Amino acid sequence: SGHRPIVLVGGGTSKVGDPTGKDESRVMLDDEAVARNTAGISKVFETFLNFEEEGSDDNAPNDAIMVNNNDWLGNLNYLDFLREYGTQFSINRMLSFESVKQRLSREAPFSFLEFNYMILQAYDFLELYRRHDAILQLGGSDQWGNMVSGTELGRRCDGAQLCALTAPLITKSDGTKMTKI
């Protein structure tokens, strides 16, 4: 249909950790572990998609591209980021998302670092739109709140008409979320 898949690997957000569905904070990964995980996830996608080869003239217009959010998150100036984008997020709205409610209801530790994951993922969608004209984000149903936040951020900052589509998670036989690690 003329669409180009953009695979986003979370080299930046993996340094924070997605709190969705977890009862405790993620163990902080060092740069080597993040690089290993990023490489492993990238290989999985390479089995299913044809990727554009950098510098090649043989690329098809629909070849996928792979980007790493550490490219834009890795060197953010925190104060500039907060001034520019912090006003676009309502704590009340963030607390209304099911993933946050579940974490708070379990009375499990929920660090400020993890709470920022939603903002970073929303910012990812804005960057994908700005850098690659991405207008549709696909993800697991547990990411709905993060993805909706990205559509809203794109609309508020750039007037972008962004969309999100989720699919049910693949679960293990006991009904719990199948994870990467």
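In case you missed it, the structure is sitting above this.
Residues numbered from 1 in each chain as written. Predicted model: local features only at pLDDT ≥ 70, side-chain atom pairs only at ≥ 80, totals over all residues. Heavy atoms only, no water.

### Section: the overall build of the protein chain
Consideration 1: Counting secondary structure elements, the protein chain contains eight helices and four strands.
Consideration 2: For the protein chain, the sequential pattern of α-helices and β-strands runs β-α-β-α-α-α-α-α-α-β-α-β.
Consideration 3: Computed over the C-alpha atoms, the radius of gyration of the protein chain is 17 Å, within 12% of the 16 Å expected from 2.2 N^0.38 for a compact globule of 181 residues.
Consideration 4: Considering only C-alpha atoms, the protein chain reaches an extent of 55 × 40 × 30 Å along its principal axes.
Consideration 5: Here the protein chain holds 181 residues, and 35% of them are scored as buried.
Consideration 6: When contacts within the protein chain are restricted to residue pairs at least 6 apart in sequence, long-range pairs at least 24 apart make up 72% of them.
Consideration 7: Taken as a whole, the protein chain presents about 11,400 Å² of accessible surface, with 52% of it coming from carbon and sulfur.
Consideration 8: Charged side chains in the protein chain number 18 positive and 26 negative. The centres of these two groups are separated by 7 Å. (Helix = DSSP H or I, 4+ residues; strand = E, 2+ residues; numbered from the N terminus. Rg over C-alpha atoms; globule rule 2.2 N^0.38 Å. Buried < 20%, exposed > 50% of the residue type's maximum accessible area, 1.4 Å probe, protein only. Contact = heavy atoms within 4.5 Å. Areas by Shrake-Rupley, 256 points an atom, 1.4 Å probe, with all protein chains shown as cover. Lys, Arg positive; Asp, Glu negative; His and termini not counted. Charge placed at Lys NZ, Arg CZ, Asp CG, Glu CD.)

### Section: the nonpolar core
Consideration 1: Counting residues in hydrophobic clusters, the biggest one holds 21 residues, and the most contacted among them are Trp72, Phe81, Tyr85, Phe89, Met94, Tyr123 and Leu153.
Consideration 2: Contributions of two or more residues to this core are made by helix 2 (70-73), helix 3 (78-85) and helix 7 (117-132).
Consideration 3: For this core, the element with the most residues is helix 7, which contributes eight residues.
Consideration 4: Setting aside anything within four residues of it in sequence, one finds Leu153 in contact with Tyr85, Gln88, Phe89, Ala122, Tyr123, Leu126 and Asp158. (Core = buried A, V, L, I, M, F, W, Y, C linked by side-chain atoms within 4.5 Å.)

### A closer look at helix 8 (residues 144-158)
Consideration 1: Its 15 residues place the ends of helix 8 21 Å apart at the C-alpha level, agreeing with the 21 Å of an ideal helix rising 1.5 Å per residue.
Consideration 2: Residues of helix 8 that are buried include every one of Gly145, Asn146, Met147, Val148, Ser149, Gly150, Thr151, Glu152, Leu153 and Gly154, and no others.
Consideration 3: Those residues of helix 8 hidden inside the fold are in contact with helix 3, helix 4 (91-96), helix 7, strand 3 (136-140) and strand 4 (163-167).
Consideration 4: In the segment just after helix 8, Gly159 is the residue with positive phi, at about 65°. (Expected span 1.5 Å × (residues − 1).)

From the geometry alone we can't say anything about function, so treat these as descriptive.
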